[in-house]
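Working through the structure, step by step
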Amino acid sequence: MTNSRSQSDEPHLAEIPHHQELLDGTDWSSLETPSGTGERLPAALARLLDTDPVVRAAAMVDALGAVIHQNTIYEATVPVALYVAAILNHPATERGDLGQDTTPALHYPTRAALLEWLSNTAYDANDECVAVGERIWGDGYLDEYPEMRAFRDLRPAIYSAVHPLLGHVTANVREAALVAAIPLAEHPVLAPQQGELADHARSLLTTSTDRRKRDRVLEAMEVWGHDISGLENADDVAAREFHARRIAERWTGGYVEDPPF
C-alpha cells in the first residue's frame, strides 16, 4: 500500500530542524525531567539511530521513558518530541527492534514504536486534558503549564513529520501514524486534515483488530461528526458499552464486576 496523495499534496505546515541540529543546539542539562535534568538525553537519543536493534530498544527506555511520568509533560519532553519527529524518516528507524527475524510478526520497526510514543504524548496534551485541567485549576491552566502549551504549539510541525507515514507500506507503521495524527490534528491549523484522516480511519477499521487503535479511531470519527454505527463491529460495540457501564458505576459507587477479593 502506498500513499495516494502526491508529495506536493502533503501539508507543509512547519519545518523541523535536522535531528543533529536539535541534539547539538539544545541545552539539555537545563531542562527538567521527572528525575532531574536532561543532561544524559543527548547520548540516549543518539542511540535511537544505532544499527544494533538491542541498543535501539534500550534507548527507547533511556531516552523516551526518561521524559514522561504519570501523563505529565516536562520541559525536556518538548525537544525530545521534536527530535523523535525529526528521525521518523531516518533509515535506522525502519529496522525492527527485534532484529531481522524471519517471522514477520516479530519484525516491529523502531519507527512504529516512535510513533506510538508521540501518540501517547499528544494524547497527554490533547483538548480533553486541557478541559479537565481548566475545570480543576481554572481558565489559566495553560498559563501555569507552559510545557504543555509548548507541546501543543508544536503540533503542526510534528504532524508534518507524521503525515507522510499515513500511507506507509508497513501496516503497523501507517496505523501508528494515524493514531498519532489524530490528537495532533486537534490544532486549529490542522482542521482541514480531518477529512483525509477519516479516510485512513475507515481503512484501518476494515483491517485492524487492535482494540486500542480501533477505540482511538472510532472516538475521533464520532468527534468529527461521522456516523460510526456502520463502522463498528460486535467487539467495538461491546467495548463501548462496557466503558459506558464503568463510567456509570464509578458515579454510583458500584462495580462493573465483583472486585478481586
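What counts as what
Residues numbered from 1 in each chain as written. Predicted model: local features only at pLDDT ≥ 70, side-chain atom pairs only at ≥ 80, totals over all residues. Heavy atoms only, no water. Helix = DSSP H or I, 4+ residues; strand = E, 2+ residues; numbered from the N terminus. Polar contact = N/O pair within 3.5 Å; in protein donor to acceptor, adjacent residues only side chain to side chain. Contact = heavy atoms within 4.5 Å. Phe/Tyr/Trp six-rings, centres within 6.5 Å; stacked < 30°, edge-to-face > 60°. Buried < 20%, exposed > 50% of the residue type's maximum accessible area, 1.4 Å probe, protein only. Lys NZ or Arg CZ within 6 Å of the ring centre and 35° of its normal. pLDDT = per-residue confidence, 0-100. Axes fitted to C-alpha atoms, helices over the stretch in contact; angles between N-to-C directions. Parallel < 35°, antiparallel > 145°, perpendicular 65-115°, else oblique. Nonpolar A, V, L, I, M, F, W, Y, C, P; charged D, E, K, R; others polar. Expected span 1.5 Å × (residues − 1). Patch = residues over 30% accessible without salt bridge, like charges linked within 9 Å, V, L, I, M, F, W, Y side chains within 5 Å. Areas by Shrake-Rupley, 256 points an atom, 1.4 Å probe, with all protein chains shown as cover. Salt bridge = Lys/Arg side-chain N within 4 Å of Asp/Glu carboxyl O.

1. Let's talk about the side chain of arginine 214
Structurally, arginine 214 is set in helix H11 (residues 211-223). A polar atom in the side chain of arginine 214 sits 2.6 Å from the side chain of aspartate 236. If we ignore the near neighbours within four places in the chain, the residues touching arginine 214 are Leu204, Leu205, Ser208, Thr209, Leu231, Asn233 and Asp236.

2. Describing the packing of aromatic side chains
As enumerated under the stated definition, the model contains one aromatic pair in all. Consider the rings of tyrosine 141 and tyrosine 145, whose centres lie 5.7 Å apart with planes at 85 degrees: the pair is edge-to-face. A relative accessible area of 14% means that tyrosine 141 is categorised as buried. Geometry around tyrosine 123 places arginine 216 over its ring, the cationic atom sitting 3.5 Å from the centre.

3. Description of the environment of histidine 187
Considering the arrangement of structural elements, one finds histidine 187 in the loop between helix H9 (171-184) and helix H10 (194-207). Accessibility expressed as a relative area gives 15% for histidine 187, which makes it buried. Between the alpha carbons of histidine 187 and arginine 152 there is a distance of 7.5 Å; along the sequence they are 35 residues apart. Not counting chain neighbours up to four residues away, the residues in contact with histidine 187 comprise Arg152, Asp153, Arg155 and Pro156.

4. Comments concerning the confidence of the model for the chain
Per-residue confidence for the chain gives a mean pLDDT of 87, with 86% of residues at or over 70. Counted against residues more than four places away or in other chains, residues 1-9, with its pLDDT under 50, gives 15 contacts.

5. Description of the packing of helix H7 (residues 146-153) against helix H8 (residues 155-162)
At a closest axis distance of 5 Å, the pairing of H7 and H8 adopts a crossing angle of 45 degrees. Judged by the angle between their axes, H7 and H8 are oblique. Contacts between H7 and H8 pair Phe151, Arg152 and Asp153 from the former with Arg155, Pro156 and Ile158 from the latter. Here the contact of H7 with H8 is composed, by residue class, of three nonpolar, no polar and three charged.

6. A word on H9
Under the 1.5 Å per step criterion, the end-to-end length of H9 is 20 Å for 14 residues, consistent within 8% with the ideal 20 Å. With respect to burial, H9 is a largely interior element, 13 of its 14 residues being buried.

7. A word on a nonpolar patch on the surface
Where nonpolar side chains cluster on the molecular surface, the patch consists of Val132, Ile136 and Trp137 and spans about 360 Å² of accessible area. The residue tryptophan 137 is located in helix H6 (residues 127-137) in this model. Classification of tryptophan 137 by relative accessible area gives exposed; the value is 66%.

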